[in-house]
Amino acid sequence: MAKERRRAVLELLQRPGNARCADCGAPDPDWASYTLGVFICLSCSGIHRNIPQVSKVKSVRLDAWEEAQVEFMASHGNDAARDAYESKVPPFYYRPTSSDCQLLREQWIRAKYERLEFTHPEKQEPYSAGYREGSLWKRGRDNGQFLSRKFVLTEREGSLKYFNRNDAKEPKAVMKIEHLNATFQPAKIGHPHGLQITYLKDNSTRNIFVYHEDGKEIVDWFNALRAARFHYLQVAFPGASDADQTEGFRKRWFTMDDRRLMYFKDPLDAFARGEVFIGSRESGYTVLDGLPPSTQGHHWPHGITIVTPERRFLLACETESEQRAWMEAFRKVVDRPMLPQEYAVEAHFKHKP
């Protein structure tokens, strides 16, 4: 009888929607929440175990199943749960995948099942209101120490600001929402809640690194930034789809002049939006085929990663032939030793204000 019940649960995995984890989309889930009626992967099952008041989990293959539990799973399933718990997910809200960091997946699961944010839209106010103010730990550019800084996000002004003191009148930096992007980089920042915020200043790409001890708080900031950018793009590009407006990558026109890779919003623009110096392999530059598996917000499959001593630049091409052509051009530059005058150009890039 026990084997028959286990076999019945295994057969449920063949139903539409059940072949992938209900929370992160990983294939072949072999765990289940028998109180929510969803099939999940091993990694997500660990998160479910931390909210026992909502979810109780069992192994599909190893644990004993009661008849009532099998019937409950049969009458629910991943598609039904998605309809119930994800009916009102905002288009800007980031849906994590199996390759995303633990924090994003945990807060997605808690938002769905514990806080019921996507069945009660009023609970989305912390990241959808258009204004957010609070303190985040920010890494100092020179000393690398993290210090508490006041941050203010305002859609009305179209900016994210941070202040060195809570009572400071003038912000230390003003980042325009139109040029803003954010990704979780826990390994790079050295904190499980580490968030990298990227913006443009004087046509140069800048990064700031922040975190908050509370996981919900930093993920709310992350989605508040996405919401602000989404709403900006809705006004700026009213005909664009929701997918285009939530895209972390932006479509740009690229031109390479010797070792200088310049990018423009439009091919006829007089000034580049930014530049990347591509040195030689001996100086720590390389070009990789594809994008890191944890990359968020891209839909084109033909990725390129340019590695410099300071940071990585992630690009994506629409077609495989374009990717091959760019890869060949980049590799020719990287494989060529740098001339003495090119070191001076490199130094100019490194010390841009």
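Residues numbered from 1 in each chain as written. Predicted model: local features only at pLDDT ≥ 70, side-chain atom pairs only at ≥ 80, totals over all residues. Heavy atoms only, no water.

As annotated in an unreviewed UniProt entry, the protein chain is ArfGAP with dual PH domains 1 from Felis catus.

I'm lost on the overall build of the protein chain in this one. Help?
Counting secondary structure elements, the protein chain contains 11 helices and 16 strands. With the C-alpha coordinates of the protein chain rotated into their principal frame, the extents come out at 80 × 50 × 45 Å. The burial tally for the protein chain puts 46% of its 353 residues in the buried class. The contacts of the protein chain with a sequence gap of at least 6 include a subset with a gap of at least 24, amounting to 50%. Of the roughly 18300 Å² of accessible surface on the protein chain, 51% is carried by carbon and sulfur atoms. Charge-centre separation for the protein chain: the mean point of 52 positive side chains lies 3 Å from the mean point of 48 negative side chains. (Helix = DSSP H or I, 4+ residues; strand = E, 2+ residues; numbered from the N terminus. Buried < 20%, exposed > 50% of the residue type's maximum accessible area, 1.4 Å probe, protein only. Contact = heavy atoms within 4.5 Å. Areas by Shrake-Rupley, 256 points an atom, 1.4 Å probe, with all protein chains shown as cover. Lys, Arg positive; Asp, Glu negative; His and termini not counted. Charge placed at Lys NZ, Arg CZ, Asp CG, Glu CD.)

I tried to follow the sheet that holds strand β5 (residues 146-154) on my own but got confused; where do I start?
Consider a sheet: its strands pair through backbone hydrogen bonds, and that pairing is either parallel or antiparallel. Across the sheet, 7 strands lie side by side as β7-β6-β5-β4-β10-β9-β8; this open sheet has antiparallel pairing. Strands at the two margins of the open sheet, each flanked by one partner only, are β7 (173-176) and β8 (181-184). On average, each strand axis in the sheet is tilted by 35 degrees relative to the strand beside it, whichever way the strands run. With 9 bridges joining them, strand β4 (residues 131-139) and β5 adopt antiparallel strand pairing. Each residue of the ladder has a partner; that of Leu 136, found in β5, is Arg 149. (Pairing = 2+ DSSP bridges. Axes fitted to C-alpha atoms, helices over the stretch in contact; angles between N-to-C directions.)

What's the story with the sheet that holds strand β16 (residues 312-317) in this structure? I'm lost.
Across the sheet, 3 strands lie side by side as β14-β15-β16; this open sheet has antiparallel pairing. Looking at the sheet topology across the chains shown, the edges are occupied by β14 (286-289) and β16. When strand polarity is set aside, the average angle formed by the axes of neighbouring strands in this sheet is 20 degrees. Examined bridge by bridge, β14 and strand β15 (residues 302-307) share 4 bridges and lie antiparallel to one another. Looking across to β15, one finds that Thr 286 is bridged to Val 307. Its contacts with the sheet place helix α10 (residues 320-335) against β14, β15 and β16, and it is angled at close to 160 degrees to β14.

Whenever I open this one, the packing of aromatic side chains confuses me. Can you help?
Note on aromatic pairs: each is described by the distance of the centres and the angle between the planes. This structure, assessed with the given rule, holds 18 aromatic pairs. For the pair Phe 92 and Tyr 127, a centre-to-centre distance of 6.2 Å together with 75 degrees between the ring planes defines the contact as edge-to-face. Residue Phe 92 is located in the loop between α4 (78-85) and α5 (102-114), and its partner Tyr 127 is located in helix α6 (residues 125-128); the two are separated by 35 residues in the primary sequence. Note on accessibility: Phe 92 and Tyr 127 belong to one class, buried. With a centroid separation of 6.1 Å and 75 degrees between ring planes, the pair formed by Phe 277 and Tyr 285 is classed as edge-to-face. Tyr 285 carries the same exposure label as Phe 277, and that label is buried. Within the aromatic cluster, the residues linked to one another by ring pairs are Phe 92, Tyr 93, Trp 108, Phe 118, Tyr 127 and Phe 230. Just above the ring of Phe 163 sits the side chain of Lys 150; from NZ or CZ to the centre is 5.2 Å. (Phe/Tyr/Trp six-rings, centres within 6.5 Å; stacked < 30°, edge-to-face > 60°. Lys NZ or Arg CZ within 6 Å of the ring centre and 35° of its normal.)

Is there a simple way to explain the packing of helix α1 (residues 2-12) against helix α3 (residues 67-75) in this structure?
Each pair of packed helices can be described by the angle between their axes along with the distance between the axes. Packing of α1 against α3 brings their axes to within 10 Å, and their N-to-C directions diverge by 10 degrees. Taken together, the axes of α1 and α3 are roughly parallel relative to one another. In this structure, α1 contributes Arg 5, Ala 8, Val 9 and Leu 12 to the contact, and α3 contributes Glu 67, Val 70, Met 73 and Ala 74. Broken down by class, the residue content of the contact of α1 with α3 amounts to 6 nonpolar, no polar and 2 charged. (Parallel < 35°, antiparallel > 145°, perpendicular 65-115°, else oblique. Nonpolar A, V, L, I, M, F, W, Y, C, P; charged D, E, K, R; others polar.)

Would you explain the nonpolar core in this entry?
Soluble globular proteins tend to bury their nonpolar side chains together. Judged by nonpolar contacts, the single largest core of 53 residues is most densely connected at Tyr 93, Leu 160, Phe 184 and Ile 197. Here the element with the most residues in this core is helix α8 (residues 215-236); it accounts for 9 residues. Ignoring any residue separated from it by four or fewer positions in sequence, one finds Tyr 93 in contact with Gln 107, Trp 108, Ala 111, Glu 117, Phe 118, Tyr 127, Val 219, Asn 223 and Arg 226. Counting residues in hydrophobic clusters, the runner-up holds 15 residues, among them Leu 200, Val 287, Cys 317 and Val 334. (Core = buried A, V, L, I, M, F, W, Y, C linked by side-chain atoms within 4.5 Å.)

It is not clear to me how the pairing of strand β12 (residues 260-264) should be interpreted in this structure. Could you clarify?
Walk down a regular strand and you will see the side chains alternate between the two sheet faces. Within β12, 4 of the 5 residues are buried, which leaves it mostly tucked inside the rest of the structure. Pairing between strand β11 (residues 253-257) and β12: 5 bridges, direction antiparallel. The residue bridging Thr 255 from the neighbouring strand is Met 262, located in β12. The hairpin formed by β11 and β12 contains 2 residues between the paired strands, and Asp 258 there has a positive phi angle of roughly 60 degrees.

Help me out: how do you make sense of the state of the cysteines in this one?
Disulfide: a covalent bond formed between the sulfur atoms of two cysteine residues. Counting across every chain of the model gives 0 disulfides. Cysteine Cys 24 remains unbridged, with the sulfur of Cys 41 as its closest cysteine sulfur at 3.7 Å. Looking at Cys 44, it has no disulfide partner, and the nearest cysteine sulfur is the one in Cys 41, 3.7 Å off. (Disulfide = S-S within 2.5 Å.)

Help me understand the UniProt feature "domain: Arf-GAP" (unreviewed entry) in the protein chain, please; the structure alone is not making it clear to me.
Residues annotated in UniProt with the feature "domain: Arf-GAP" (unreviewed entry) correspond here to residues 7-126. In residues 7-126, the share of helix is 38% and the share of strand is 8%. The end C-alpha atoms are 44 Å apart. (UniProt positions renumbered as here; feature names shortened; annotations may be inferred.)

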